[in-house]
Structures are given as C-alpha cells and as structure tokens.
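# Descriptive analysis of the structure
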Amino acid sequence: DSLNNFYKYLEINKNLSSYTIRNYSNDLSDFFKFIKEKNVSNIEKISKLIIREYLSSLIEKKYQKKSIARKLSIIRSYFRYLKSKNIITENHAELIHAPKSTKTLPQIIEKEEIKKLLETPKFNTTNGARDSAILEIFYSTGIRVSEMHNIDINNVDFNQQNIRILGKGSKYRLVLYGNKCQESLQNYTSHFRNKLILDPKNSNALFLNKYGSRLSVRSIQRLVKKYMLISGISNNVHTHSLRHTFATHLIEGGADIKVVQDLLGHESPTTTQI
C-alpha cells in the first residue's frame, strides 16, 4: 500500500508523467523480487548490505552503470518517502554510491547526411508530405519523440513560425522553426492532412495515421528509422539522435548554450553540455 501511495505522491507532488511512474514501478518491482529471494519480509530490515548485494547482482547481470545508478536513485527516493511518512526510522539507501558511469557522447548526424535524410520522403504523396514535415520539425526544433506525438494542429503558429510544445513535467515551451520547415508543414497541412481525417471530432492531432488517429510514438520512431536506412545513415543512430544533432549544429553555428538549453527544455545546463 505504501508503494501505491508513493506513486500517487510522484504523480501529484512531483508532477511526473505516467510513463516515468511506470519506469519507477518496474525498477522497484525488480528490487522487491530480490528482497523476497533474500527472505526479508519487513521493510525496516532492508539494510545497507542488502542494497549493496542488489547492486552487485545487477553488475553481475551486465547492467549498464547508467541503469544501475537510475535504479539506486529510485530506491533512494522511495526510502526518502517512507522516512518522511515515519514508516521507517532510517534510510539505508541514502549513503550508498552508485558505480561511476562513463559519459558517452551522443551520436550526431553530419550536415551532408541530414540534407540527404530531409530530401528522402516524397513531397507529393500523403505519407511522404507528412513524414517530410516530421523530419523537418525534428531537425528544426530538437523536440523529443513524445513531444512530437503530442502536437495538436492549433499548437502551430504559422505566422510566427513557432510551435507550443508540451514537454517533461507537463511544462510548455515555445520552439522556433525556419522557412524550409514552414514549407514542408504548409505542404502537409494544406494539401494532405485533410485526406487522413476520418472523424472531424477526433482530428486535433497534427500528425495522423491512415486510420485517422494520432500517430503513435512507435510509428514516428519507425518512420524515422526507415528514412535513415533509405538515406544510408549508419545503423546506430535513432530518432533521439536528431535532437542531439539539432543542438550540436546550433552550437557549431555560434548559438549561445543557454538559448539551446531553453529550446531543448533542459532543466540543467550540464545535460545540454553533454
């Protein structure tokens, strides 16, 4: 029961999305499976030693350091919550350190390759026009795939060339786009989007699939991957690489890192620097 209350607390007090809470839940259920195997029935009896053993078991299972650090961080949050509610007297997770993770730099796509990628969709077909607008927005704004999925038609201001984006933590921000993206967006919205509308009541989404519903996150990822393969971009880049590429190309073009941080919707400048 304290677990369900913890998830409610994350949703209401911490304003976390259902997607993030589901990840918390998955990580904590792994931890509790391990605790059960150790025959620890009382949460008060979870010692530093047991938490360390759990982390060691993850290292043995070849989990990445980044994943182990995330799992420990979630266990810490849960124990902090339990202590604040006086369910436990001591938070044994607080002083345990996660293994130091090696900072890997994100993959980016070269300018020549980006040019090829953006020219791949067929401008004069319904799917091609839609996919062209998606790729242009990704490269012009650096938004996340979940943010792309959430865009409604009325979030786009064609006069000012900006889009109102619903980001992490239910925060809104404005992103800007250029003339090339405007051309692609207008082509899709003026000539092709209405062909995808099956039910006018259900047509708020900017990007629709052939059934007239909002294009899913998975479908967006699939179509980006498809065009990357067609245009010959190496296999180990993905949708999120367009976000890294957007940021890197802006910095290379002389943009201020603070501006890039705002456009990406990052809380911390460190994330932007990586």
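Please read all numbers here as calculations on a predicted model, not as lab measurements.

## Quick notes on the packing of helix α2 (residues 18-37) against helix α3 (residues 48-60)
Packing of α2 against α3 brings their axes to within 11 Å, and their N-to-C directions diverge by 110°. Between α2 and α3, the crossing angle belongs to the class labelled roughly perpendicular. Where α2 crosses over α3, the handedness of that crossing is right-handed. Listed contacts from α3 to D27, D30, F31, F34 and I35 of α2 are I50, I51, E53, Y54 and S57. In the contact of α2 with α3, the residues fall into 6 nonpolar, 1 polar and 3 charged.

## Structural notes on unusual backbone geometry
The backbone of N39 sits at a positive phi, close to 60°, despite the residue not being glycine. In this structure N39 comes out as exposed when scored by relative accessible area, which is 69%. A positive phi angle, close to 55°, is found at Q161, a residue other than glycine. Within the secondary structure, Q161 sits in the loop between β1 (156-157) and β2 (162-166). Exposure remark for Q161: the relative accessible area of 18% places this residue in the buried category.

## Details of the packing of aromatic side chains
A complete count under the given rule lists 13 aromatic pairs for this structure. Between F6 and Y81, the aromatic rings sit 5.4 Å apart at their centres with planes inclined by 45°, giving tilted as the arrangement. Note that F6 is positioned in helix α1 (residues 2-12) and Y81 in helix α4 (residues 65-84), a separation of 75 residues in sequence. The buried category is assigned to F6, whose relative accessible area is 1%. Classification of Y81 as buried rests on a relative accessible area of 8%. Here the aromatic rings of F31 and F79 are separated by 6.4 Å at their centres, their planes lie at 65°, and the arrangement is edge-to-face. With a gap of 48 residues between them, F31 in helix α2 and F79 in helix α4 connect regions that are remote in the sequence. Residue classification places F31 among the buried residues on the basis of a relative accessible area of 0%. Of the aromatic side chains, those joined through ring pairs into one cluster are F6, Y7, Y9, Y24, F31, F32, F34, Y54, Y78, F79 and Y81. The ring centre of Y172 lies 3.8 Å from the NZ or CZ of R164, which sits over that ring.

## Focus on the pattern of salt bridges
On inspection of all chains with the given rule, the structure shows 14 salt bridges. One salt bridge in this structure joins R173 and E147, with 3.0 Å as the shortest N-O distance. Here R173, found in strand β3 (residues 172-176), pairs with E147, found in helix α7 (residues 145-150); they are 26 residues apart in sequence, far enough to count as distant. An identical accessibility class is assigned to R173 and E147; each is buried. Across the pair D152 and R214 runs a salt bridge whose closest N-O atoms are separated by 2.6 Å. Of the two residues, D152 is situated in the loop between α7 and β1 and R214 in the loop between α9 (193-196) and α10 (217-230); the sequence distance between them amounts to 62 residues.

## A word on α3
Between its first and last C-alpha atoms α3 spans 18 Å; for 13 residues at 1.5 Å apiece the expected length is 18 Å, and the two agree. Of all the residues in α3, the buried ones are I50, I51, Y54, L55, S57 and L58. Down the axis, α3 shows its buried residues gathered within 155° of arc, on one side only. Exposed and oriented more than 90 degrees from the buried face of α3 are L49 and E60. A positive phi of about 65° marks K62, the residue just after α3.

Basis of the calculations
- Residues numbered from 1 in each chain as written.
- Predicted model: local features only at pLDDT ≥ 70, side-chain atom pairs only at ≥ 80, totals over all residues.
- Heavy atoms only, no water.
- Axes fitted to C-alpha atoms, helices over the stretch in contact; angles between N-to-C directions.
- Helix = DSSP H or I, 4+ residues; strand = E, 2+ residues; numbered from the N terminus.
- Parallel < 35°, antiparallel > 145°, perpendicular 65-115°, else oblique.
- Left-handed = near helix turned anticlockwise from the far one by under 90°.
- Contact = heavy atoms within 4.5 Å.
- Nonpolar A, V, L, I, M, F, W, Y, C, P; charged D, E, K, R; others polar.
- Buried < 20%, exposed > 50% of the residue type's maximum accessible area, 1.4 Å probe, protein only.
- Phe/Tyr/Trp six-rings, centres within 6.5 Å; stacked < 30°, edge-to-face > 60°.
- Lys NZ or Arg CZ within 6 Å of the ring centre and 35° of its normal.
- Salt bridge = Lys/Arg side-chain N within 4 Å of Asp/Glu carboxyl O.
- Expected span 1.5 Å × (residues − 1).
- Arc of directions from axis to C-beta.

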